[in-house]
Every structure is written in C-alpha cells, then in structure tokens.
Amino acid sequence: MIKKLLIFILIPLYSASLLQAQESPEIRGLKSINEDVIKAQMGFLASDWMEGRQSGDKGERMAGDYIASMLQLYGVKPSGDLAGRGSGQDNQDRTYFQNFVLLKTLPGEEQVMQIRSAEGKSIKVTTLTRDVDFTIWATDPAYELTAPVVFAGYAYKNDQVRYNDFSKLDVKGKVVLKISGFPKFIADKMNPSERYAASVRMDSVIRAMGAAGIIEFNPAARVVGRPELPDYLNMSPAEGPQRPGRPRAYYSIPGKQINDAPKRAVISVKSANEILRGSGINLEDYISKADNNQAVSLPPAANKEIYIKTNVITSQVAVRNVIGIIEGKKKDEVIVLGAHYDHVGMGNGFIWNGADDNASGTVGIMTIAKAIMESGVKPEKTVIIALWTSEEEGLHGSRYYLDNLEFPLTNIKLNLNYDMISRYITDSEQTKVTMTYTDKFPFFKDMTAANLNKYGIDLLVDYQPSNDPPGGTDHRSFVAKGIPVMRFKPGHREEYHKPADEISTINWDIMEKIIKIGFLNIWQLSNSEW
C-alpha cells in the first residue's frame, strides 16, 4: 500500500519535471514576465516612500537598496565595488554598488554681466541686473570672462535638412548669442526628449568650434529669472504651479582638468537687443526666414564684448550605480542592460514619483534579469545588469561606469537601454513602439520581427536604425564610446516630468510586451555570434 502511494505521488512530480525539462529556456524566461511581477516592483519604486528618487537623497538611496535586494533574490551576482573590509584578501567580496561623487554647484552672491561696446573713442559699459536681465548657469569653478560676442541665430546645424547657422561665422574664442529653441520647421517634428538631445548635440558642436560661452534668449521674454515670492503668496504651495521649489544646481563628475566647457547664461530680449544694436541684424526677419528653412546671412554683432564674473557654492554629493552580473561562458563578451533609477525628487508640496520616468525602465531591466535566471541556462555572453544614478543631472551614472571599467571597453558588444517604457503613444495607438538601434546591425530588425511573430507579442514597431542613435538618455553614453545600442520606447505623454507621472497612469500591457521582446532579443544575442 505504501509503495503504491509513493508511486502515486512521484509520477505527477516526475511528469512535471519532465515537462519543465522539455520547455525551452526562452519559454521558461517568458513565463516569469507577467503583470503581477511588474506591478509588485513598480508599486514600491514609484511610491511616495521613495520621495522622488533625487540623486543622492534618501529616497534614491532606499531605491538602490531595494533594487540590490531584488537582484540578489533573483540570483544575480553583485558586480559593484569591492567590500574592502580589512587589508587582506579575505572579505574582498563585491557589493551591488558602484559609489562615486558628484559636484553640486549653486550660484553664489556675486554674479556680474556687462555689455561693453566701442563708441568712437569711448567704451560704453552696460551693467545688467541679475535675475531681471540675466541669469548665469553656475559651473565649478567660478570664473571671470571677457570675450567678443557673435550672433548665431538659433545656433543650429542639420546637414540632413541643409540648415546651418554657422556657415559663415567664426565663433572661436567668442561668446555665441543664440535664440532659445530651434527653427519652427524642425521643432515641430521633435518631442521634448528629441529637443533635449538636439540641444546637447549642438552644445557639443559649439564647444568643438572653440566658443568661449553661450548666451541664449527668448524673443518673448522681457525679463528672466523668477520674481521673489513672499510668504503670504505661498501659504498653500500644493495649489500653485507644480515646481520643485529648489534652486537649479549644476552637477558634474570631478575631473583631472579644470572645466573648459563654454560658459552659459540666459538674458532678456532687451539685453539681446542691446547686443544686436548697430549690427544691422533684423531679429524678426531672421526668425521668420529661419522658421521656414530659408537661408539667412548673419553679420557679426557690432563690435561688442561680454564681461561675466561669477562665484559659486560647490559641495560633494555621494551617489551610486547598482551593478549586477550574470556570468556567461565568455567573460570577454559583455552585453549591458541599463536603465536609470533616479528621478527629480520632491519639493514645494509635491513628489515627482516618476512611475514612467523611469521606474518603468528600471523594473523592465530587473525583470529581464529575473527571466534570464529563470531560464535555468547560463548564457554564452556575460550580461551586466546596470541601474544608473544621476541620469536626470546629465547621464552621469552611465558616463562614470564607462569611464571606470575594470575590463576593456571593447568587451562591451551592446547596450540595451530602457527609459519610459510604460505609456501608449496615444490612447488610440496602444501597440505602437519605436525601436532605435545602431544601423551597423540591420539584422536587429529581422530578429525583433521574428521574435514578435514567433511568440505572439502584439507590437507595431517603428524601426529606426541610425549611425548616431538619438535620444536624451543613457544609451547616448554608449553611443559616444562607439558601442552599439538598442532602445524601445512607446509614448512620451503629458505627465512627463510632472508629479502626475504616477503609477495610476501606467499602461501595463505595453510595458509587459516591451520587457518580453527585450528579453527575447537579449537571450538570442547573448547566445549567438553576430
């Protein structure tokens, strides 16, 4: 009787294990990706307890601890700093954290800007008023600058549409005066993320040209800065504009050289007109033509110089990436799966929970890590799981990681980046997603299409190969190093960078689909030669 009972118990167990053994690793991984798993992680990372996950603040620290504990639960090994306890070889275990320091710089009390112009044998000096006529981006260290100024229109260059504000300008050693934003014909085609990325690219172009500074203005802005808000007008901040209420800080990674980036300032249109006075430049005529992609010849400003003097308050901020590793059979071939887990914090009665931006991408990468471990098979290539800090302050987490690798940069074969993967493009386009990838690998498109079809994942993909994949998030750090990238992104909705980016707005179905196709692609790429 006992023998029969044992057989009765063991047969179902044997059948279940046999069935599991017959499942492919991909199927086992896919089964671990579901709405419940995603919601469980999102519910914590996008909660008020995280206080908006501002880089270096308590909330981001707690989020980092949570991510590390989940990676440990999934079986992902730590690949951050050495624990470093003691002086011997014992206790030299890895942690999940890559610690480093950012410099946080705020403007000091003394900020001076003057327009100096030669008028006959005399020099006219116009001293502008801080937070009325000008504001200066605080950068470390403080500086004093005198340089000629040149007007560059929108200071925009795009060879594809044959537009170039710099075609006849020499900006080396000069301050570039520019209109904020982009010509209308190109701005209308860009979302906020693309405009940010284009701004960063143009800053790099201007820097490469040797400009000493960049001053921009909005033709509609008669004053700059914000008026002082007396206490009696701020008794109920939650009923007012949704602003953090913190002074704007500049964050940077400490370097071995003095920061030589062009100095930045914003001025009023009144100040801009004073610089342009006597140059023969008709501002309204230039804007009208530039907005319609008509050629405009820009003469230099009329013998004007800009003088700027600043002082700053700079402090250190301790931050950390969360780094895990799934060791493959090949240690010298690495795929990095990354997403930033920081956001913009809280203040003035609001919390920026950043559910879509970017708790969604963070959970996406964590869930792919879980799926790889659930597959039960060691991949051929090594997979790094990286959750970045300080993306919102300038992609600093991913930049620091790549600049401080413990293995050759050439070992990294690909970066998959997830940033904002949980919203429909529109409520009527619930399956559409953009896939941006390095055009050196056209088979990425065929592989993705085949996986979508084989596993019945209902996504309508807009494939966008590029030799310089655009965007304003951490994959750009990899692009800058010549590393191939892949990125999936659905909608960029109106809650972007607002307290309304809450978990209640998440579209769970498209998020789950993007995680699944990411896992399938990475599984294939980590187990094949390409």
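As shown above, the structure is provided for reference.
Anyway, here's the lowdown on the structure attached to this text. Everything numeric here is computed off the predicted structure, so don't read it as measured data.

For the rest of this paragraph, the subject is the overall build of the protein chain. Along the backbone of the protein chain there are 13 helices and 20 strands. Scaling as 2.2 N^0.38, a compact globule of 530 residues should have a C-alpha radius of gyration of about 24 Å, and the protein chain matches this with 26 Å. For the protein chain, the C-alpha atoms occupy an extent of roughly 115 × 50 × 50 Å along the three principal directions. Classification of the 530 residues of the protein chain by burial places 49% in the buried group. Considering only residue pairs separated by 6 or more positions, the protein chain has 83% of its internal contacts joining residues 24 or more positions apart.

Right, let's get into the layout of surface pockets. Taken as a whole, the second largest pocket spans an internal volume of roughly 480 Å³. Breaking the lining of the second largest pocket down by element, the ones donating at least two residues are strand S1 (77-78), strand S2 (97-119), strand S12 (304-326), strand S13 (330-340), strand S16 (381-388) and helix H10 (396-403). Its residues placed into classes, the lining of the second largest pocket shows 9 nonpolar, 7 polar and 6 charged.

Geometrically, a pair of aromatic rings is defined through the distance of the ring centres and the angle of the planes. Within this structure, the stated rule accounts for 18 aromatic pairs. Taking 5.9 Å as the distance between ring centres and 40° as the angle between the ring planes, the aromatic pair formed by Tyr156 and Tyr163 counts as tilted. Overall, Tyr163 belongs to the buried group, its relative accessible area being 6%. Members of the aromatic cluster, connected to one another through ring pairs, are Tyr437, Phe441, Phe443, Phe444 and Trp530. Just above the ring of Trp137 sits the side chain of Arg264; from NZ or CZ to the centre is 4.5 Å. The aromatic ring of Phe97 is capped on one face by Arg320, whose charged end is 3.8 Å from the ring centroid.

This part is about the nonpolar core. Leu337, Ile385 and Tyr418 are the most contacted members of the largest nonpolar core, which has 65 residues in total. Per-element tally for this core: the top contributor is helix H13 (residues 508-526), with 11 residues. Contacts of Leu337, omitting those with residues within four sequence positions, involve Ile365, Ile368, Ile372, Val383, Ile384, Ile385, Ala386, Leu416 and Ile522. Ile115, Tyr143, Ala147 and Leu177 belong to the second-largest nonpolar core, a separate cluster that totals 50 residues.

So, on to the environment of Met420. Checked against the element boundaries, Met420 lands in the loop between strand S17 (412-418) and strand S18 (432-438). As a C-alpha pair, Met420 and Asn521 span 101 residues in sequence and 19 Å in three-dimensional space. In this structure, Met420 is in contact with Asp356, Asp357, Asn358, Ser360, Lys489, Pro490, His492 and Tyr496, ignoring residues within four places of it in sequence.

Within the structure shown, the criterion is met by 1 cavity of 30 Å³ or more. There is about 40 Å³ of room inside the largest cavity. Considering the residues around the largest cavity, the lining is formed by Asp356, Asp357, Met420, Arg423, Arg493, Glu495, Tyr496 and Asp501.

Attention now moves to the pattern of salt bridges. Under the criterion given, the structure shown has 29 salt bridges. Taking the shortest distance from any N to any O, the salt bridge between Glu406 and Arg94 comes out at 2.7 Å. Residue Glu406 is located in the loop between H10 and S17, and its partner Arg94 is located in the loop between S1 and S2; the two are separated by 312 residues in the primary sequence. One continuous salt-bridge network, built from bridges that share partners, spans Glu119, Lys124, Glu274 and Arg277.

For the rest of this paragraph, the subject is unusual backbone geometry. Residues apart from glycine generally show negative phi values, whereas peptide bonds are mostly found in trans. For the peptide bond that leads from Asp140 to Pro141, omega is 0°, which places it in the cis range. Looking at the secondary structure, you find Pro141 in the loop between strand S4 (134-136) and strand S5 (144-151). With an omega of 0°, the peptide bond between Asp357 and Asn358 qualifies as cis. Mapped onto the fold, Asn358 is located in helix H9 (residues 355-374).

Moving on, we come to helix H4 (residues 58-74). For H4, which comprises 17 residues, the first-to-last C-alpha distance of 25 Å matches the rise-based estimate of 24 Å (1.5 Å per residue) to within 8%. Of the residues making up H4, those classed as buried are Gly59, Glu60, Ala63, Gly64, Tyr66, Ile67, Ala68, Met70, Leu71 and Tyr74. In this structure, the buried side of H4 is in contact with helix H3 (35-45), S2, S12, H9 and S16. Following H4 by one or two positions, Gly75 adopts a phi angle in the positive range, close to 95°.

Moving on: the side chain of Gln41. With respect to the helices and strands, the residue Gln41 is situated in helix H3. A polar contact of 3.0 Å, which involves the side chain of Gln41, links it to the side chain of Tyr74. Those residues in contact with Gln41 that sit more than four places away from it in its chain are Tyr66, Met70, Tyr74, Val363, Met366 and Thr367.

Quick look at the pairing of strand S8 (residues 175-179) now. With 5 of 5 residues buried, S8 is to be regarded as a mostly interior element. What you see with S8 is no split at all: Val175, Leu177 and Ile179 on one side and Val176 and Lys178 on the other are buried throughout. Note that S5 and S8 share 3 bridges and pair parallel. Following the sheet pairing, Val150 is matched in S8 by Val176. Looking at chain direction, S8 and strand S9 (residues 213-217) are connected through 5 bridges and run parallel.

Conventions used here
- Sequence order as written defines the numbering, with residues in each chain counted from 1.
- Owing to the predicted nature of the model, reporting of local features is limited to residues with pLDDT of at least 70; listing and counting of side-chain atom pairs is limited to 80 or more, with chain, interface and lining totals taken over all residues.
- Processing note: side-chain calculations cover all non-hydrogen atoms of the structure and skip hydrogens and water entirely.
- Numbering of helices and strands runs from the N terminus; a helix is a DSSP stretch of H or I covering at least four residues, while a strand is a stretch of E covering at least two.
- Taken over C-alpha atoms, the radius of gyration is set against a globule rule of 2.2 Å times the number of residues to the power 0.38.
- Each residue is placed in one exposure class: buried if its accessible area under a 1.4 Å probe, protein chains only, is under 20% of its type's maximum, exposed if it is over 50%, and partly exposed if it falls in between.
- In what follows, residue pairs with any heavy atoms lying within 4.5 Å of each other are defined as contacts.
- Method remark: on a 1 Å grid restricted to protein atoms, a set of points is classed as a cavity if a 1.4 Å probe fits but cannot get out and as a pocket if it is open with protein on both sides within 12 Å along at least five of seven lines; lining residues have an atom within 4 Å of a point.
- Grid points are joined across faces, edges and corners, and a volume is the space filled by probe spheres set on the points.
- When residues are grouped by polarity, Ala, Val, Leu, Ile, Met, Phe, Trp, Tyr, Cys and Pro land in nonpolar, Asp, Glu, Lys and Arg in charged, and all others, Gly among them, in polar.
- Centres within 6.5 Å make a pair out of two Phe, Tyr or Trp rings, where for Trp the six-membered ring is used; the pair is then stacked when the planes are under 30 degrees apart, edge-to-face when over 60, and tilted otherwise.
- Placement of a positive charge over a ring is assigned whenever Lys NZ or Arg CZ falls within 6 Å of the ring centre and within 35 degrees of the normal to the ring plane.
- The set of buried Ala, Val, Leu, Ile, Met, Phe, Trp, Tyr and Cys residues whose side-chain atoms join them within 4.5 Å is what this entry labels a nonpolar core.
- Salt bridge criterion: a side-chain nitrogen from Lys or Arg within 4 Å of a carboxyl oxygen from Asp or Glu.
- Expected span of a helix, by definition, is 1.5 Å for each gap between consecutive residues, and there is one gap fewer than residues.
- Each polar contact in these results corresponds to two N or O atoms within 3.5 Å; when the atoms are within protein, one needs to be able to donate a hydrogen and the other to accept it, and residues that are neighboring in sequence are counted only if both atoms are side-chain atoms.
- The pairing criterion is simple: DSSP has to find at least two bridges between the two strands.

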